[in-house]
Amino acid sequence: MLKIVDLQVGNIGSVIRAVKHLGAEYELITLPEQLEGATKIILPGVGNFTAASVKLYASGFVEALNKHVLDIKIPVLGICVGMQLLANEGFEGNGAKGLGYIDAVVKRINSFDETLIVPHMGWNDVSTKNLSLFQGIEDKSCFYFVHSYAMKILSQEELDIAYTDYGEDVVAYVRKNNIHGAQFHPEKSQAVGLQFLRNFIELC
Amino acid sequence: MLRKRIIPIVLLDGFSVLKTINFKERRNLGSPITVTRTYNTRNVDELVLLDIDASKQKRAIDKFTIAEIAQDCFMPLTVGGGIKSIKDIQDLLAKGADKVAVNSYAIQNPLFIKEASDVFGAQCIVVSVDVVELELGVYAVFNNGHIVSKLDLFEWILKVVELGAGELLINNVTRDGNMKGVNVALAKKISNIVNVPVIYAGGVSCPEDAVRICETNASGVGISSIFHFTEHTPESCKLVMKRAGLSVR
């Protein structure tokens, strides 16, 4: 069963509606032991990296996720802040630790360009050639982004990466084996977003 | 490259969709569920839903309408009307809003912007500002049928951004519903003094007006009348924008 992790730090109604719309069975979970029996995991996230990290560590979800994602290799999809949590650490707010699945850090998007409009909000195209989760989606399709912090990859080893251009190459999607992260919101990206979610549910 | 956004603005009086002229005269346009569903199938970039009577009537926008609209709305949805507490925002987000637009209460209590932005993140908090043109190049903030004389428009805009607004929705009341053209100078000035996304609305008479607004630093243009009353659609606007060299989805 697909399990959607609810860290209770942001609204995840949209993700649930999209999964429902696709006809997938799912369970919304708030406790780490409910990960038992997961065949797929979605880690949504809206809001602040530090707040989400605090919840993740305080709730005991880190150990449970490590077991299911790293040991049993259950496919996981992190969305927005959920994707950023896959990194080693983030610098939003006071700064906090991530899960460390992807060798990366999360930093403010315009650390170089003061004139850049932040948040990066709206539709931007993603270079997705040959990536399995983008099957049936035209290369350079637009997805909906809304974020002020972005993942900076430290080591590209074993990674598939898709970028979008916003003043610099911004990581829009990252994959390491069974671990997927999307900075954009597939649940808010109309037909292409639903196709991306369908691919995660059906192909992984 | 980030695309310029075409955003249909849907106004409600609590029950029905309506369109105003200069925020006064009204025409009823039927059920919000039907109207928004049409936009959804038309693959628009985003929707803004504002209950323009909520503040005056001291109530919040109807949550159940929002829930029904959000049900099959797989695009960003901004909702505003009568919001004056963290609980109001929580309720709307839970029913399917992605962003909330705050207007009247922000004028009464500017620190509410900061409070809301700290709790939900700046990306969630849109501050909506209604503007009247007193004479050429002279503007005032407008609220609830009156000019807010204690506020200077541009100072107010800088202040709300400083307090944590993640996006600005500028409604030009003087041009509202007239379909007689946009105030490019205003869109330009506002979008040049802030570094958050600016959506300009008011007066769009044709797709070329959308081009004029999007050639400034504004991130998008809010449109309502020409979608309700003329042959123009979000798609036809985008075609004209694309031909003009603008980046659209």
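Heads up: these notes are all about the structure in this document. (Residues numbered from 1 in each chain as written. Chains lettered and ligands numbered in written order. Predicted model: local features only at pLDDT ≥ 70, side-chain atom pairs only at ≥ 80, totals over all residues.)

**A few points about the overall build of chain B**
Rules: Counting from the N terminus, the helices are DSSP H or I runs at least four residues long and the strands are E runs at least two residues long. This radius of gyration counts C-alpha atoms alone. The globule rule is 2.2 Å times how many residues there are, raised to the power 0.38. Exposed residues have 12 or fewer other C-beta atoms within 10 Å of their own C-beta, buried residues have 20 or more, and residues in between are partly exposed; the C-beta atoms are placed from the backbone. Two residues form a contact once the distance between their C-beta atoms, set from the backbone, is within 7 Å.
From N to C terminus, chain B includes ten helices and twelve strands. A compact globule built from 249 residues would reach a C-alpha radius of gyration of about 18 Å, and chain B, at 16 Å, matches this within 12%. When the backbone C-alpha atoms are referred to their principal axes, chain B occupies close to 45 × 40 × 40 Å. A burial count over chain B gives 55% of its 249 residues as buried. A separation threshold of at least 6 residues defines the contact pool for chain B, and within that pool the share at least 24 residues apart is 65%.

**Topic: helix H5 (residues 190-203) of chain A**
Residue and element names in this part refer to chain A. Just so we agree on the cut-off: A helix is expected to span 1.5 Å multiplied by its residue count minus one.
Helix length check: H5 (14 residues) gives 20 Å between terminal C-alpha atoms against 20 Å at 1.5 Å per residue, within 8%. Of all the positions in H5, only Gln190, Val192, Gly193, Phe196, Leu197, Arg198, Phe200 and Ile201 are classed as buried. Structurally, H5 contributes buried residues whose contacts are with strand S1 (2-5), helix H1 (13-21), strand S3 (40-43), strand S4 (76-79), strand S9 (142-147) and strand S13 (179-182).

**Digging into the interface of chain A and chain B**
The condition that has to hold: Note that Gly is not counted as nonpolar here; it falls among the polar residues with everything else outside the nonpolar set of Ala, Val, Leu, Ile, Met, Phe, Trp, Tyr, Cys and Pro and the charged set of Asp, Glu, Lys and Arg.
Contact residues are listed per partner, giving 28 residues for chain A and 27 residues for chain B. Grouping the amino acids of the side of chain A that touches chain B by side-chain chemistry returns eleven nonpolar, 13 polar and four charged.

**Section: the nonpolar core**
Quick note on the threshold: By our criterion, buried Ala, Val, Leu, Ile, Met, Phe, Trp, Tyr and Cys residues that link up through C-beta atoms within 7 Å make up a nonpolar core.
One finds Val100, Ile125, Ala165, Leu168 and Val221 of chain B to be the most contacted residues of the largest nonpolar core, which totals 154 residues. Every residue in contact with Val100 of chain B, bar those within four places of it in the chain, is listed here: Thr78, Val79, Gly80, Ile83, Ile89, Leu92, Cys124, Ile125 and Val126 of chain B.

**Digging into the sheet that holds S1 of chain A**
Residue and element names in this part refer to chain A. Convention followed: Two strands qualify as a pair provided DSSP detects at least 2 bridges between them. Every axis in this analysis is a line fitted to C-alpha atoms, fitted for helices over the stretch in contact. Angles between the N-to-C directions lie between 0 and 180 degrees.
Taken together, the seven strands give an open sheet; going across it, the order is S2-S1-S3-S4-S13-S12-S11, and neighbouring strands pair in mixed fashion. In this open sheet, the two strands that pair with only one neighbour each are strand S2 (26-29) and strand S11 (160-165). For this sheet, the mean inter-axis angle between neighbouring strands, taken without regard to orientation, is 20°. Note: strand S12 (residues 169-176) against S13, four bridges, orientation antiparallel. Its bridge partner being in S13, Arg175 is matched across the sheet by His180. Packing of H1 onto the sheet brings it into contact with S1, S2, S3 and S4, and relative to S1 it is tilted by some 165°.

**Some remarks on the pairing of strand S8 (residues 138-143) of chain B**
Residues and elements named next belong to chain B. Here strand S7 (residues 125-135) runs beside S8; their pairing, made up of five bridges, is antiparallel. Across the sheet, Val132 pairs through a bridge with Ala140, a residue of S8. Where S7 folds back onto S8 in an antiparallel hairpin, the turn is made up of two residues, including Gly137, whose phi is positive at roughly 80°. Linking S8 back to strand S9 (residues 146-147) in an antiparallel pair, the connection comprises two residues, with Asn144 at a positive phi of about 55°.

**Some words on the sheet that holds strand S10 (residues 149-153) of chain A**
All names here are of chain A. A sheet is described by the order of its strands in space; here four strands give the open sequence S6-S5-S7-S10, paired in mixed fashion. The sheet is open, and its two borders are formed by strand S6 (96-97) and S10, each paired with just one other strand. Bridging between strand S5 (residues 89-90) and S6 involves two bridges; their strand directions are antiparallel. When the bridges of S6 are listed, Glu89 appears paired with Lys97.

**Here we look at helix H5 (residues 111-120) of chain B**
Residues and elements named next belong to chain B. Applied cut-off: As used here, the arc is the angular range of directions from the helix axis to the C-beta atoms.
Looking only at H5, the buried set comprises Phe112, Ile113, Ala116, Ser117 and Phe120. When H5 is viewed along its axis, its buried side chains cluster within an angular range of 130° and face the same direction. Elements in contact with the buried residues of H5: helix H3 (86-95), strand S6 (99-102), helix H4 (104-108), S7 and helix H6 (153-163). Gly121, located one to two residues past H5, shows a positive phi value of around 90°.

**A short note on the pairing of S6 of chain B**
Residues and elements named next belong to chain B. For the record, the criterion: The crossover handedness rule: strands pointing away from the viewer, path from first strand over the helix to second strand clockwise, crossover right-handed.
Burial of the side chains of S6 extends over both faces: Lys99 and Ala101 are buried on one face and Val100 and Val102 on the other. Here strand S5 (residues 77-80) runs beside S6; their pairing, made up of three bridges, is parallel. Residue pairing across strands places Thr78 opposite Lys99, the latter belonging to S6. This β-α-β element, S5 to H3 to S6, shows right-handed connectivity. Two elements, S6 and S7, share three bridges in a ladder whose sense is parallel. When the sheet's bridge partners are listed, Ala101 is paired in S7 with Val126.

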